[in-house]
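What follows is each chain in one-letter form.
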Amino acid sequence: MATFLTKLFKPKWQSKHTPTRLEAVKALDANDEEQHQALLSIAAKDTSTDVRKAALERINLTDALIDLHKSANEELQKAIEERLYALASAQSLTLFDLIVDSALLTDMIVRSDKPDVFINGLARIEDPKALLNIALNSKTSKIRCAAAELIETEEQLNELTQAAKSKDKSVYQIAKLKLSNIKSQIKTQESRLADIEQTLISIQEHAQTENTKLYDAKLETLSARWQKLKEYATETQVQKFNSAFDICRQKQADIQARQNLAENEEQRLRTGGDEQEATLQTLSDTLQRFRTLAASPQEVSALDALIKTQETRWLEATKMSKVGKAQQKHYQLLIGELKNYLRSLKSLAEATRQLAELSAALAQKTATPAELLKHTQQLQKLVNKIAWPDDYQKPEQLKIAAKALGHSEDIKQALNKNTKELSQKISSLLEKLDRALDDKHIKQSAKTLKEIQGLLSQLDSKTIDRFQNQLSLRMKQLNDLRDWQGFAASPRQVALCETMEKLAEQHLDPQAKADKIKAMQKEWKTLGGAANQEIWERFKLAADKAYEPCKAYFEEQKRLKASNLERRKTLIEQLAGFIEGNDWSAADWKAVERIEQQAKAEWKAAFPVDFKANKAQQTQFNELLAKLDQYLDGEREANLVLKTQIVTAAEDLIEHEDLDHAINEAKSLQRRWQNIGITKHKQDRALWKKFRAACDQIFARREQAKDSRKQEIEAAIGQTEAFLLALESLTAELGEKTSEELKQALTDYRKQFKQLPTLPKNKADSTQQRFEKAVALIKQQRNTLENQRRRAQWLQVQQKAKLCRQLHAGEIDSQRASAGEFDSEFDGEAEAIDSPLQKDLKSVWISLKAGALKSEFVHDDTDARAHCIRCEIATGIDSPDSDKELRMQLQVSRLSEGMSSFSESQSREEQLSELLADWYQKVGLSLKDYAPLETRIQRCIDALFG
């Protein structure tokens with residue numbers, strides 16, 4: 001047979017005539033190795049493009065086609081690619097399954113104008129360079145964008161961004177966004193790593209710190225922060241954190257233990273603190289009592305015992321509890337003052353008799369002036385020795401002595417004061433004393449009080465008593481103020497000294513330093529000055545030292561003021577020259593306005609200046625600015641008119657019927673507004689608000705139109721979504737539908753799909769994809785149901801054909817058959833069989849029963865085998881080895897005839913159905929001979945309808 005084929009085809013393949021070669025190529029079988037090699041040679045070398053294309057149509061091996069593609073020209077490459085498409089489709093494969101050559105696949109994708117063929121398989125391309133090539137060079141935007149979405153490396157994305165920036169905006173935006181995401185991820189990762197490192201540093205520092213303030217809260221914060229970062233940390237970092245955290249936990253426990261111990265100790269010492277307060281209160285109450293009620297000389301022993309008792313009590317209390325510096329100071333002031341009072345009381349007790357004698361001697365009217373002077377001096381000396389505290393109520397003995405001293409005839413004659421005048425002066429001094437007390441001026445208050453007391457000594461006892469009642473409350477207020485001042489002023493003065501000394505060492509802004517010095521000096525004065533001269537000298541020395549650097553600063557300020565005066569003088573000359581020399585008929589008004597603003601700024605910058613020296617210059621500068629404003633205001637008014645006209649025009653456009661025209665006009669007005677020159681700011685802002693409001697209303701109409709369109713689109717999307725959901729719900733119930741129901745559903749849904757409203761492109765694309773996917777599922781189910789129907793048909797046909805063949809082979813009694821005994825079995829359930837086929841089979845059965853079967857319905861073994869092979873060819877499955885030669889003869893015969901027994905438009909199922917209908921109407925062999933052929937026929941049925 002091979003020799004025969006060689007003789008038959010070799011001359012035609014090598015013919016010089018193109019039509020002959022073309023016909024010969026169509027007759028070659030790619031399944032034959034020798035003919036396959038011939039096809040490869042023709043496809044690679046033939047001089048005719050049409051012949052080479054015809055050879056390509058006969059080649060079924062993917063690898064061979066890929067090899068040819070490498071050396072082919074562009075036209076043939078397209079033909080090879082079309083052949084590859086066809087092979088993939090015939091095998092229900094994608095090109096990505098069929099072609100493993102990445103370079104070829106990339107080249108095909110780049111040149112293809114069929115994006116849907118490749119779109120779903122792009123993800124299987126792993127070579128980033130290939131994806132980059134596709135993203136930059138593919139014919140269709142859809143493929144370019146899809147390839148760009150698949151590129152992941154920063155290097156490739158950078159290259160894509162640079163190449164697509166001015167070439168493909170969609171690809172550029174995708175690459176830019178992915179790069180941004182990568183950078184964001186890197187930034188997030190770096191930030192997270194930094195947070196991890198910082199948290200580790202913080203926890204380690206926390207583990208080593210000795211600062212226990214808010215220790216627990218900081219530890220909990222670090223722990224919470226770590227919980228968010230832990231999953232991103234390395235094992236080493238986790239171990240570091242856990243190690244430091246364990247140390248912190250131990251330290252936390254130690255801190256808690258110390259706190260518990262401190263609380264217990266504080267509880268133990270609290271009693272001691274209460275005793276300290278009680279001691280201070282006792283001392284303070286005792287002194288307060290003596291301020292209002294004088295102690296008698298007989299109370300010396302009791303007061304002495306009280307002092308000793310409170311000293312002992314204080315010592316015991318301070319052993320149990322630590323005493324503060326301020327508390328200790330307060331105690332020392334109180335106990336010291338009480339001891340001074342005790343000394344005065346002791347002195348009074350010792351001098352009581354002598355005080356009475358001298359007071360009585362001064363009261364005698366018979367005494368000579370010399371005796372009065374002598375007794376006065378002795379009494380005064382004795383009073384001074386007693387040194388009764390001024391702030392405390394005087395005992396009766398001292399009052400009598402003071403009265404005796406005050407009512408001495410010599411003193412009265414020397415002072416020669418009228419009681420009424422003294423009373424008025426005392427009343428005035430009382431008012432002055434009230435003001436000083438309200439302002440907490442202790443020195444002034446004490447001085448005024450002393451003046452009042454001096455004047456009181458010149459009055460009679462009745463008047464003294466009247467004023468004394470008014471004076472007692474004020475004396476108590478002064479004493480309270482002294483108590484506070486004695487307790488607070490001295491420590492605060494020492495503190496001011498220390499602060500001033502520190503200030504002297506600090507390098508601060510001189511003005512700020514001088515302000516601090518003045519503030520502290522003012523505070524010093526409010527404290528009433530220092531009783532201790534040494535403290536005052538310390539404070540003054542520190543203040544002088546601190547102020548020393550400020551002197552140079554203020555000297556520099558003086559020089560700076562002189563320099564600024566010169567700068568302002570120059571500025572005045574330049575501004576005057578500009579006003580006089582400028583051509584105001586063709587002025588650059590914006591430049592003039594800038595010059596005015598710059599002049600004001602420079603004038604303001606030339607500061608500080610001496611106020612008096614600057615007064616004349618300021619007047620001159622103001623006059624120049626006023627003159628400049630006269631020119632500017634004229635231009636501003638003219639421009640204001642133009643802007644007012646624009647506002648009016650914009651307001652007229654608000655209700656304009658043609659929205660597009662109104663928007664374009666509004667934009668034009670905005671450009672005109674920008675081109676108008678200077679205006680006064682306040683008026684310009686008012687007009688701008690009106691103009692902006694008018695434009696906003698115009699553009700709001702556009703937004704309303706957009707919103708309306710958006711609502712229409714949303715309604716359309718909603719309608720489309722409802723349609724798709726209904727369609728997709730059908731795909732979930734395909735098993736419950738018949739083939740006819742599915743056919744009708746496809747028809748109905750296609751009509752509805754065409755009637756759907758128009759959608760935006762991106763939404764329309766996704767809708768189209770969902771629709772096609774659902775339709776494909778329905779069609780697939782319908783094909784499945786149709787194949788099941790056909791399979792059921794052929795099973796029934798087989799039963800009828802078997803009865804016919806049994807009757808023809810004599811395995812059924814012909815007389816019984818003729819009598820109709822087997823008719824019911826033959827008719828059976830024929831619902832699934834098509835009416836023409838049912839009629840043909842019935843005709844064969846009747847002919848067999850009548851013994852009048854035509855010869856065309858009888859075949860022999862060769863015909864039966866050939867028919868079986870034709871079924872296998874139509875199905876696309878192999879025949880047994882024993883029939884290989886017969887199968888080749890049948891194929892060659894068909895090629896030689898230049899025609900096919902089947903229409904090229906017929907599907908495999910249609911071809912097989914036609915052959916099966918003919919097969920089951922034939923008889924002639926025994927059932928034994930039919931058995932292996934029926935098995936092969938059944939394989940064909942199973943292959944297409946299984």
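All values derive from a computational prediction rather than experimental measurement.

Cut-offs used in this document
- Residues numbered from 1 in each chain as written.
- Predicted model: local features only at pLDDT ≥ 70, side-chain atom pairs only at ≥ 80, totals over all residues.
- Heavy atoms only, no water.
- Helix = DSSP H or I, 4+ residues; strand = E, 2+ residues; numbered from the N terminus.
- Buried < 20%, exposed > 50% of the residue type's maximum accessible area, 1.4 Å probe, protein only.
- Contact = heavy atoms within 4.5 Å.
- Areas by Shrake-Rupley, 256 points an atom, 1.4 Å probe, with all protein chains shown as cover.
- Core = buried A, V, L, I, M, F, W, Y, C linked by side-chain atoms within 4.5 Å.
- pLDDT = per-residue confidence, 0-100.
- Axes fitted to C-alpha atoms, helices over the stretch in contact; angles between N-to-C directions.
- Parallel < 35°, antiparallel > 145°, perpendicular 65-115°, else oblique.
- Nonpolar A, V, L, I, M, F, W, Y, C, P; charged D, E, K, R; others polar.
- Salt bridge = Lys/Arg side-chain N within 4 Å of Asp/Glu carboxyl O.
- Phe/Tyr/Trp six-rings, centres within 6.5 Å; stacked < 30°, edge-to-face > 60°.
- Arc of directions from axis to C-beta.
- Left-handed = near helix turned anticlockwise from the far one by under 90°.
- Patch = residues over 30% accessible without salt bridge, like charges linked within 9 Å, V, L, I, M, F, W, Y side chains within 5 Å.
- Lys, Arg positive; Asp, Glu negative; His and termini not counted.
- Charge placed at Lys NZ, Arg CZ, Asp CG, Glu CD.
- Disulfide = S-S within 2.5 Å.

Moving on: the overall build of the chain. Helix and strand counts for the chain stand at 38 helices and zero strands. A buried classification covers 38% of the 946 residues belonging to the chain. Of the contacts formed within the chain by residues at least 6 apart in sequence, a portion of 70% connects residues at least 24 apart. Put simply, the chain shows about 56200 Å² of open surface, and 50% of that area lies on carbon and sulfur atoms.

The next point concerns the nonpolar core. In this structure, W794, L916, Y920 and I937 are the most contacted members of the largest nonpolar core, which totals 37 residues. The leading source of residues in this core is helix 38 (residues 927–945), at seven residues. Those residues within four positions of W794 in sequence are excluded, and the remaining contacts are L837, S913, L916, A917, Y920, I941 and F945. In terms of nonpolar packing, the next biggest core, distinct from the first, is built from 31 residues, V300, L379, W388 and A404 among them.

Here the chain averages 78 in pLDDT, while 87% of its residues score no lower than 70. Per-element confidence in the chain is highest for helix 35 (residues 861–875), whose mean pLDDT is 88, and lowest for helix 1 (residues 2–13), whose mean pLDDT is 46. Scored below 50 in pLDDT, residues 1–11 shows twelve contacts in the model against residues more than four places distant or in partner chains. Between residues 898–903, whose pLDDT stays under 50, and residues either more than four places distant or in other chains, the model counts six contacts.

Here we take up the environment of L624. Along the polypeptide, L624 turns up in helix 27 (residues 611–652). Residues L624 and E596 lie 28 residues apart in sequence; the distance between their C-alpha atoms is 10.0 Å. Those residues in contact with L624 that sit more than four places away from it in its chain are I572, L575, A576 and I579.

Okay, the packing of helix 11 (residues 141–150) against helix 13 (residues 169–208) next. In contact at an axis separation of 9 Å, helix 11 and helix 13 are set at 10° when each is read in the N-to-C sense. Looking at the two axes, helix 11 sits roughly parallel to helix 13. In this structure, helix 11 contributes R144, C145, A148 and E149 to the contact, and helix 13 contributes S170, V171, I174 and K178. A per-class count over the contact of helix 11 with helix 13 returns four nonpolar, one polar and three charged.

What follows is about the pattern of salt bridges. Scanning the model with the defined rule gives 22 salt bridges in all. Between E505 and K545 there is a salt bridge whose closest N-O contact spans 3.1 Å. Linking E505 in helix 23 (residues 461–505) with K545 in helix 25 (residues 533–581), this pair joins segments that are 40 residues apart in sequence. For the salt bridge of K643 with D684, the shortest nitrogen-to-oxygen distance reads 2.5 Å. In this pair, K643 sits in helix 27 while D684 sits in helix 29 (residues 681–731), placing the two residues 41 residues apart along the sequence. Pair check on accessibility: K643 and D684 agree, each one buried.

So, on to the side chain of K251. Here K251 lies in helix 15 (residues 235–292). Those residues in contact with K251, other than ones at most four positions away along the chain, are H206, A207, Q208, T209, E210 and Y215.

By the definition in use, this model includes 15 aromatic pairs. Aromatic pair W226 and F241: ring centres 4.3 Å apart, planes at 5°, arrangement stacked. Taken together, the residues W226 in helix 14 (residues 215–229) and F241 in helix 15 connect sequence positions 15 residues apart. A ring pair is formed by W584 and Y631, whose centres lie 4.0 Å apart and whose planes are at 0°; its orientation type is stacked. On the criterion of sequence distance, the pair formed by W584 in the loop between helix 25 and helix 26 (589–605) and Y631 in helix 27 is long-range, its members being 47 residues apart.

The complete set of buried residues in helix 2 (residues 18–27) reads R21, A24, V25 and A27. Each buried residue of helix 2 lies within a common arc of 160° when the element is viewed along its axis, so the set occupies one face.

In the contact formed by helix 26 and helix 27, the axes pass within 11 Å of each other and the chain directions differ by 160°. One way to sum up the angle between helix 26 and helix 27 is to call them roughly antiparallel. Where helix 26 crosses over helix 27, the two elements pack in a sense that is left-handed. From helix 26, W589, V592, E593, E596, A599, K600 and W603 reach across to helix 27, where they touch N614, Q617, Q618, F621, L625, L628, D629, Y631, L632, E635 and R636.

Right, let's get into unusual backbone geometry. The omega torsion of the bond from F607 to P608 falls at 10°, within 30 degrees of zero and hence cis. In this model, A387 sits at a positive phi of 50°, which is unusual for a non-glycine residue. Mapping A387 onto the fold places it in the loop between helix 18 (369–386) and helix 19 (396–406). A residue is classified by how much of its surface remains accessible, and A387, at 45% relative accessible area, is partly exposed.

On to the environment of V647, then. Positionally, V647 belongs in helix 27. Note: C-alpha distance between V647 and A694 (47 residues apart in sequence) is 7.7 Å. Once residues lying within four places of it in the same chain are set aside, the contact partners of V647 are W673, L687, K690 and F691.

On to a negative patch on the surface. A surface patch of like charges, here negative, comprises D860, D861, D863 and D929. For D861, the position within the fold is in helix 35. A relative accessible area of 37% places D861 in the partly exposed class.

Quick look at the state of the cysteines now. For the structure shown, the criterion picks out zero disulfides. Here C868 is not cross-linked by a disulfide; its sulfur's nearest cysteine counterpart is in C940, at 6.1 Å.

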